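# Chain and residue survey
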Amino acid sequence: MDWPSTAAEAIAVQEKLRGLVEVVDVGPAPRYVAGLDVAYEGDRLAAAVVVLDRMTLDEVDRAVVRGATTFPYVPGLFAFREVPALLTALEQLTTVPDLLVCDGQGLAHPRRFGLACHLGVLTGIPAIGVAKTTFVGAHGRLGWERGATAELVDGDEVVGAAVRTQDGVKPVYVSVGHRVTLPTAVQRVLELAPHYRLPETTKQADRACRDGLLDG
DNA sequence: GCGACAG
DNA sequence: ATCTTGTCGC
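- Named according to an unreviewed UniProt entry, chain A is Endonuclease V originating from Kribbella hippodromi.
- UniProt, in the comment section headed Subcellular location (unreviewed entry), describes chain A in these words: "Cytoplasm".
- Of chain A, the UniProt comment under Catalytic activity (unreviewed entry) reads exactly: "Endonucleolytic cleavage at apurinic or apyrimidinic sites to products with a 5'-phosphate."

## Section: the layout of surface pockets
- Approximately 450 Å³ is the volume found for the largest pocket.
- In terms of lining residues, the largest pocket is bounded by 26 residues, among which Tyr73, Phe78, Asp103, Gly104 and Gln105 are the most central.
- Sorting the residues of the lining of the largest pocket by element identifies strand 1 (32-41), helix 2 (79-92) and strand 5 (127-131) as the ones contributing at least two each.
- Grouping the constituent residues of the lining of the largest pocket by class yields 13 nonpolar, 8 polar and 5 charged.
- By volume, the second largest pocket amounts to about 250 Å³.
- Taken together, 14 residues line the second largest pocket, and the ones lying closest to its centre are Val26, Gly27, Pro28, Pro30 and Pro126.
- In the lining of the second largest pocket, the residues fall into 7 nonpolar, 3 polar and 4 charged.

## Details of helix 3 (residues 115-123)
- The buried fraction of helix 3 amounts to 7 of the 9 residues, a majority that puts the element mostly inside the structure.
- Along helix 3, the residues that are buried comprise Leu115, Ala116, Cys117, His118, Leu119, Gly120 and Val121.
- Contact partners of the buried residues in helix 3: helix 1 (7-17), strand 1, helix 2, strand 4 (99-103), strand 5 and strand 8 (172-178).
- Just downstream of helix 3 lies Gly124, where phi reads positive at about 80 degrees.

## Considering the UniProt feature "binding site: Mg(2+)" (unreviewed entry) in chain A
- In the numbering adopted here, UniProt assigns the feature "binding site: Mg(2+)" (unreviewed entry) to Asp37 and Asp103. Across 67 residues in sequence, these annotated residues keep their C-alpha atoms within 6.1 Å of one another, forming a single compact spot. Of the annotated positions mentioned, Asp37 and Asp103 line the largest pocket.
- Inspection of the secondary structure assignment puts Asp37 in strand 1.
- Given a relative accessible area of 5%, Asp37 falls into the buried group.
- Non-local contacts of Asp37, meaning those with residues more than four positions away in its chain, are made with Ala46, Ala47, Ala48, Leu86, Asp103, Ala205, Asp206 and Cys209.
- With respect to the helices, strands and loops of the structure, Asp103 is situated in strand 4.
- A relative accessible area of 13% places Asp103 in the buried class.
- Setting aside its immediate chain neighbours within four residues, Asp103 contacts Leu36, Asp37, Phe78, Leu115, Val130, Lys132 and Thr202.
- At 3.3 Å, the side chain of Asp103 forms a polar contact with the side chain of Lys132.

## Regarding the protein's contact with DNA strand B
- Neighbouring DNA strand B are 17 residues, the closest being Tyr73, Gly76, Phe78, Gln105 and Lys132.
- For DNA strand B, the fraction of protein-proximal atoms (within 4 Å) that sit in sugar or phosphate groups is 47%.
- Within the backbone of Gly76, an N or O atom sits 3.3 Å from a base nitrogen of DNA strand B.
- Note that a phosphate oxygen of DNA strand B is positioned 2.8 Å from one of the backbone N or O atoms of Lys132.
- Counted by class, the surface near DNA strand B contains 7 nonpolar, 7 polar and 3 charged residues.

Criteria and cut-off values
- Residues numbered from 1 in each chain as written.
- Chains lettered and ligands numbered in written order.
- Predicted model: local features only at pLDDT ≥ 70, side-chain atom pairs only at ≥ 80, totals over all residues.
- Heavy atoms only, no water.
- UniProt positions renumbered as here; feature names shortened; annotations may be inferred.
- 1 Å grid on protein atoms, 1.4 Å probe; cavity = no way out; pocket = protein on both sides within 12 Å on 5 of 7 lines; lining within 4 Å.
- Points joined across faces, edges and corners; volume = space filled by probe spheres on them.
- Helix = DSSP H or I, 4+ residues; strand = E, 2+ residues; numbered from the N terminus.
- Nonpolar A, V, L, I, M, F, W, Y, C, P; charged D, E, K, R; others polar.
- Buried < 20%, exposed > 50% of the residue type's maximum accessible area, 1.4 Å probe, protein only.
- Contact = heavy atoms within 4.5 Å.
- Polar contact = N/O pair within 3.5 Å; in protein donor to acceptor, adjacent residues only side chain to side chain.
- Near = heavy atom within 4 Å.

Printed below as a string of structure tokens:
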């Protein structure tokens, strides 16, 4: 499988794959939810996937792989920097996740094909994007309490939702990646963040990849 | 044209 | 992402 090496090629790949995104809920509520994240130190990187039981939030599996960067960080082409290592980590898992909770955007992307869409389409696994800041789109004010939401709108499209996961904290930005609808994605994020601003999956994956960077 | 810009 | 101290609060 060829991988783009230039921005123009990467954009062409996104334009080609964007039509494969499925915005529909599939199957029963997920049992195994995976958090994915990548840490960097110069040209080195460590990618981690941590699988948790959705109900108990107990860890059931994890995989951490180290490597080197192969694509620079370019807003809009972020996926090309992280997808290769994340796919390798996913292959190392013993447990196949039912949902991928990605660190970044899904449809809330200039070409409607952010990291979560990319990973979802390539693996066929339902995926959602949870970002700490917005990339595209804007939203009105939302309630102060946990569970409050506001539509994230870009142009004339609702591309995601600003979600308050705890009373008074800054909202996180949730968008559809693949094989899930926005309401369901928001519900999953709230379930995964019972005590902190970020989903437990994201926190575990962040910790895992940072530790993975220290080893090598 | 100018600035903004997931991680 | 990463560079970085102390500090306020449960």
